[in-house]
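Architecture at a glance
Here are the chains, one letter per residue:
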Amino acid sequence: MFTDEYFMKMALQEAETALEKDEVPVGCIVVSNNRVIARSHNLTETLTDVTAHAEMQAITSAANFLGGKYLVNCTLYVTLEPCVMCSGALSWSQISKVVIGARDEKRGFINKNLQLHPKTEIVTGILENECSAIVKEFFKGKR
């Protein structure tokens, strides 16, 4: 049986890919029945699109794979807590579980008292140190 840490390491690989492209290093994957059905990372700079967050890319890819707009019985693993825009999309997708690496105290949805779909389970802190470190190093290099 695969663990949350196993899948979060895959999301971290996506964050590394974003870093190589000088994108904010956020990565995510979507899993259904222990199978990765979508992988993504931030592409806002590459696509010149403020909505091209890793989560938005993953939701679209997973929905296309499944042939429908709802991600019931799917889990999204994301290295950084989703923003308000992404949390709204995740809510509409009715995803069953969201696993978050590092919290985003400033831009994340949790401190904004927003909820995902009522049936969505939220888990935080999986590989938190690794997920936080890649973002902190990226922004340290930008300052």
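What you are looking at is a predicted structure, and each value in this text was computed from that prediction instead of being measured.

1. Things to note about the UniProt feature "binding site: Zn(2+)" (unreviewed entry) in the chain
In this structure's numbering, the residues bearing the UniProt feature "binding site: Zn(2+)" (unreviewed entry) are His53, Cys83 and Cys86. A compact arrangement is adopted by the annotated residues: their sequence extent is 34 residues, whereas the largest C-alpha distance between any two is 9.2 Å. If you take the residues mentioned a moment ago, the ones lining the largest pocket come down to His53, Cys83 and Cys86. Relative to the helices and strands, Cys83 is located in the loop between strand 3 (74–80) and helix 4 (84–93). Considering the arrangement of structural elements, one finds Cys86 in helix 4. Setting aside its immediate chain neighbours within four residues, Cys86 contacts His53, Glu55 and Met56.

2. Here's the deal with the environment of Cys74
Residue placement: Cys74 occurs in strand 3. Taking the C-alpha atoms as reference points, Cys74 and Ala63, separated by eleven residues in sequence, lie 10 Å from one another. Excluding its chain neighbours within four sequence positions, the residues that come into contact with Cys74 are Val30, Val31, Ser32, Ile37, Leu66, Ile95, Ser96 and Lys97.

3. Focus: the packing of helix 3 (residues 54–66) against helix 4
Packing of helix 3 against helix 4 leaves a shortest axis separation of 9 Å and a crossing angle of 20°. Taken together, the axes of helix 3 and helix 4 lie roughly parallel to each other. Note that helix 3 runs across helix 4; the crossing there is left-handed. Each of Glu55, Met56 and Ile59 in helix 3 lies in contact with helix 4, whose residues at this interface are Met85, Cys86, Ala89, Leu90 and Ser93. Its residues assigned to classes, the contact of helix 3 with helix 4 comprises six nonpolar, one polar and one charged.

4. Some thoughts on the side chain of Asp104
Relative to the elements of secondary structure, Asp104 occurs in the loop between strand 4 (97–102) and strand 5 (121–124). Look at Asp104: it is buried, it has no salt bridge, and the nearest opposite charge is Arg107 at 5.9 Å. From its side chain, Asp104 meets the backbone nitrogen of Arg107 in a polar contact 3.1 Å long. Ignoring sequence-local partners within four residues, the contact set of Asp104 consists of Leu80 and Glu81.

5. Brief notes about a positive patch on the surface
On the surface, a cluster of positive charge is contributed by Lys106, Arg107, Lys112 and Arg143. Following the sequence through the fold, Lys112 ends up in the loop between strand 4 and strand 5.

6. Digging into the UniProt feature "active site" (unreviewed entry) in the chain
Here, the residues flagged by UniProt with the feature "active site" (unreviewed entry) are Glu55. The class for Glu55 is buried, based on a relative accessible area of 4%. Setting aside residues up to four positions removed in sequence, Glu55 forms contacts with Cys28, Leu76, Val78, Leu80, Glu81, Pro82 and Cys86.

Cut-offs and rules
Residues numbered from 1 in each chain as written. Predicted model: local features only at pLDDT ≥ 70, side-chain atom pairs only at ≥ 80, totals over all residues. Heavy atoms only, no water. UniProt positions renumbered as here; feature names shortened; annotations may be inferred. 1 Å grid on protein atoms, 1.4 Å probe; cavity = no way out; pocket = protein on both sides within 12 Å on 5 of 7 lines; lining within 4 Å. Helix = DSSP H or I, 4+ residues; strand = E, 2+ residues; numbered from the N terminus. Contact = heavy atoms within 4.5 Å. Axes fitted to C-alpha atoms, helices over the stretch in contact; angles between N-to-C directions. Parallel < 35°, antiparallel > 145°, perpendicular 65-115°, else oblique. Left-handed = near helix turned anticlockwise from the far one by under 90°. Nonpolar A, V, L, I, M, F, W, Y, C, P; charged D, E, K, R; others polar. Buried < 20%, exposed > 50% of the residue type's maximum accessible area, 1.4 Å probe, protein only. Lys, Arg positive; Asp, Glu negative; His and termini not counted. Salt bridge = Lys/Arg side-chain N within 4 Å of Asp/Glu carboxyl O. Polar contact = N/O pair within 3.5 Å; in protein donor to acceptor, adjacent residues only side chain to side chain. Patch = residues over 30% accessible without salt bridge, like charges linked within 9 Å, V, L, I, M, F, W, Y side chains within 5 Å. Areas by Shrake-Rupley, 256 points an atom, 1.4 Å probe, with all protein chains shown as cover. Charge placed at Lys NZ, Arg CZ, Asp CG, Glu CD.

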